[in-house]
Amino acid sequence: MKKNEQYQVKIVNISSDGNGVAFNDNIPIFVPYSSVGDEAVVRIERVEKRYCYGRIVDLLSPSPHRIDVDCPLFERCGGCAFRHVTYSEELRAKRQFVIDAIQRIGKIDHPVDEILHTDVTEYYRNKAQFPVGNDEDHLFPGFYAPRSHRMLQFPSACKLQPVCFDELVKTACSILEKYGCTSYDEQEHKGLIRHILVRQSSLTQKILISFIINGSSLPHQGEIVSDLISKFPAIASVSIDINTNKGNTILTPNYQTIWGEPSIHDEILGVPVEITPLSFFQINHFSTELLYSTIKSMVEDLKVKTVIDLYCGAGTIGLATTSSEQTLYGIELIDDAIESAISSAKTMNRTDAHFICGDAGEIKALIDTGIYPDLIITDPPRKGCSPEVLEQIIRSDSPNLIMVSCNAATLARDLQILAQNGYTIDSIQPIDMFPRTRHVEVISALSKIN
Ligand code: SAH
């Protein structure tokens, strides 16, 4: 196949990055924003050694799973992968990603449970960061086109974010403009306002807003804040984050509260969390409760005494799913997250909970001091558990493991290694944490009889 050639194909599957898959002469063609059952003419846009990418130029017969797209930015923004199909088809496709990864990458023959999900498929994000741009007349909150730094404007509000975010950032931009603030120009490294960060507590609905600035202060700060809070009484915390660096890192540790509280308070399955501009907190409260309560019932069934929570973030999985009858150790790389975990444990009176800032490989030191976990929970970033961590898990002889993953491919790889080292896979449970996006979460329980 060559670039710009056109082929008539039928979409037969969805790949793990949300693209439809068709075949021509046994060569896969990945077709973004297509649906299983579509018959279409596609134009080849990119040719790789063993596969190609194509785009639909003529949809001859649409898939029965298709629905009307309700966002004018779908296909341009890149945030959603599934606004053009029913939610039930999305769930089917996501479970299939997991089945495919387990079988093809992990070479594991084990059933995959039906995917769990909540009924909340829209407006679920509790955090958003908007780059600020300008046209001839006005400042505006925008977003970057996928894989680029080309700024686009929102013609309508994003369906994954709370409705109030859209109005809030638009109003914030006009207030900033009124007081003469300029938007940051990345090419020239000039201009003041780089981004606006908004976070909302699902418990209190209170809002934290932070202006990320290329400068040391916000001129007319008092007036800006007073205009803003008079229009949005839900705002409880306003900060500036000083980021004068070139490059595209959004937040820096150099932030200061300029009005209100330094944080907003939230809770996840009974665990209190203070949210600052920088703190790590799950993006979708509803599905996180589902994730944690699923893990909690697994932990309750196991009747364990000593639990190690690796890649523990703000300690929320361990604190939400164990009780003070158990001893809990959490390990996490980010210092801020560990401080948050320690503070939550204190508020919960969990004197039995210990949090360590360091690489998850520090589990070796715990085992070396004679701590024998009877459950290890892992929740690594997309690249999965490191080889050292897997080696220490195997060495720990922990009779139970609960592995949480946001990447079925690396989970499959890790499960294969553990299965080759004495562990039995008891369950593989997909969960849809982020409806309409390509992401799918998986929990897998393993055990070992020593
Ligand atoms: N379990 C938490 C966070 C999971 S996200 C929750 O449910 O909220 C993955 C976490 O792994 C992040 O907090 C990240 O900072 C942390 N992390 C990444 N690499 C790490 C490493 N090498 N060692 C320890 N933690 C790491």
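Residues numbered from 1 in each chain as written. Predicted model: local features only at pLDDT ≥ 70, side-chain atom pairs only at ≥ 80, totals over all residues. Heavy atoms only, no water.

Q: How would you summarise the pattern of salt bridges if you had to cite specific residues and measurements?
A: Under the definition given, this model contains 19 salt bridges. We note a salt bridge from Glu 75 to Arg 55, for which the minimum N-O separation is 3.9 Å. One end of the pair, Glu 75, is in the loop between strand 6 (52–61) and helix 1 (87–105); the other, Arg 55, is in strand 6, and 20 residues separate them in sequence. For Glu 75, a relative accessible area of 39% translates into the label partly exposed. The partly exposed category is assigned to Arg 55, whose relative accessible area is 31%. (Salt bridge = Lys/Arg side-chain N within 4 Å of Asp/Glu carboxyl O. Helix = DSSP H or I, 4+ residues; strand = E, 2+ residues; numbered from the N terminus. Buried < 20%, exposed > 50% of the residue type's maximum accessible area, 1.4 Å probe, protein only.)

Q: Report on the sheet that holds strand 20 (residues 400–405), specifying residues and quantitative values.
A: Strand order in the open sheet formed by seven strands is 18-17-16-19-20-22-21, and the pairing between neighbours is mixed. In this open sheet, the two strands that pair with only one neighbour each are strand 18 (353–357) and strand 21 (424–431). The mean inter-strand angle of the sheet, taken between neighbouring strand axes irrespective of direction, is 15°. Packed onto the sheet, helix 6 (residues 335–347) meets strand 17 (327–332) and strand 18 and runs at close to 170° relative to strand 18. The strands touched by helix 9 (residues 408–419) are strand 20, strand 21 and strand 22 (441–447); relative to strand 20, the strand with the most contacts, the crossing angle is about 160°. (Pairing = 2+ DSSP bridges. Axes fitted to C-alpha atoms, helices over the stretch in contact; angles between N-to-C directions. Contact = heavy atoms within 4.5 Å.)

Q: Kindly report on the packing of helix 2 (residues 163–178) against helix 3 (residues 221–231), identifying the contributing residues and their values.
A: It is at 10 Å that the axes of helix 2 and helix 3 come closest, and there the two elements cross at 150°. Taken together, the axes of helix 2 and helix 3 are roughly antiparallel relative to one another. The crossing of helix 2 and helix 3 is right-handed. Residues Leu 168, Thr 171, Ala 172, Ile 175, Leu 176 and Lys 178 of helix 2 form the contact with helix 3, whose participating residues are Ile 224, Asp 227, Leu 228 and Lys 231. Its residues assigned to classes, the contact of helix 2 with helix 3 comprises six nonpolar, one polar and three charged. (Parallel < 35°, antiparallel > 145°, perpendicular 65-115°, else oblique. Left-handed = near helix turned anticlockwise from the far one by under 90°. Nonpolar A, V, L, I, M, F, W, Y, C, P; charged D, E, K, R; others polar.)

Q: Give me the lowdown on the site of the ligand, citing residues and values where you can.
A: Taken together, 16 residues lie around the ligand, and Tyr 292, Glu 332, Asp 359, Ala 360 and Asp 379 are the ones closest in. Tallied by class, the residues present in the shell around the ligand amount to nine nonpolar, four polar and three charged. (Near = heavy atom within 4 Å.)

Q: So what's going on with the domain arrangement of the protein chain? Which residues, and what values?
A: Looking at the protein chain, the domain boundaries give domain 1 (6–66), domain 2 (95–119 + 284–448) and domain 3 (127–275). Taking only C-alpha atoms into account, the centre of domain 1 sits 38 Å from that of domain 3. (Domains from an automatic or database assignment.)

Q: How would you summarise the pairing of strand 1 (residues 6–10) if you had to cite specific residues and measurements?
A: Burial of strand 1 is one-sided: the residues Tyr 7 and Val 9 facing one way are buried, the residues Gln 6, Gln 8 and Lys 10 facing the other way are not. Here strand 1 pairs with strand 5 (residues 39–47) via five bridges, running antiparallel. Residue pairing across strands places Val 9 opposite Ala 40, the latter belonging to strand 5.

Q: Run through the nonpolar core, naming residues and quoting values.
A: Side chains of nonpolar character tend, in soluble globular proteins, to be buried together. Within the largest apolar cluster, 45 residues are counted, with the highest numbers of intra-cluster contacts made by Leu 310, Leu 415 and Leu 418. With eight residues, the top contributor of residues to this core is helix 1. In this structure, Leu 310 is in contact with Ile 331, Ala 360, Ile 363, Ile 376, Ile 377, Thr 378, Asp 379, Val 389 and Ile 393, ignoring residues within four places of it in sequence. (Core = buried A, V, L, I, M, F, W, Y, C linked by side-chain atoms within 4.5 Å.)

Q: Could you give an account of the state of the cysteines, naming the residues involved and the relevant values?
A: The tally for this structure, following the rule as stated, stands at zero disulfides. Of all cysteine sulfurs in the structure, the one in Cys 357 sits closest to Cys 312, which takes part in no disulfide; the separation is 9.2 Å. Classification of Cys 312 by relative accessible area gives buried; the value is 5%. Of all cysteine sulfurs, the one in Cys 385 lies closest to Cys 406, which takes part in no disulfide; the gap is 11 Å. Taking relative accessible area as the criterion, Cys 406 reaches 25% and is therefore assigned partly exposed. (Disulfide = S-S within 2.5 Å.)

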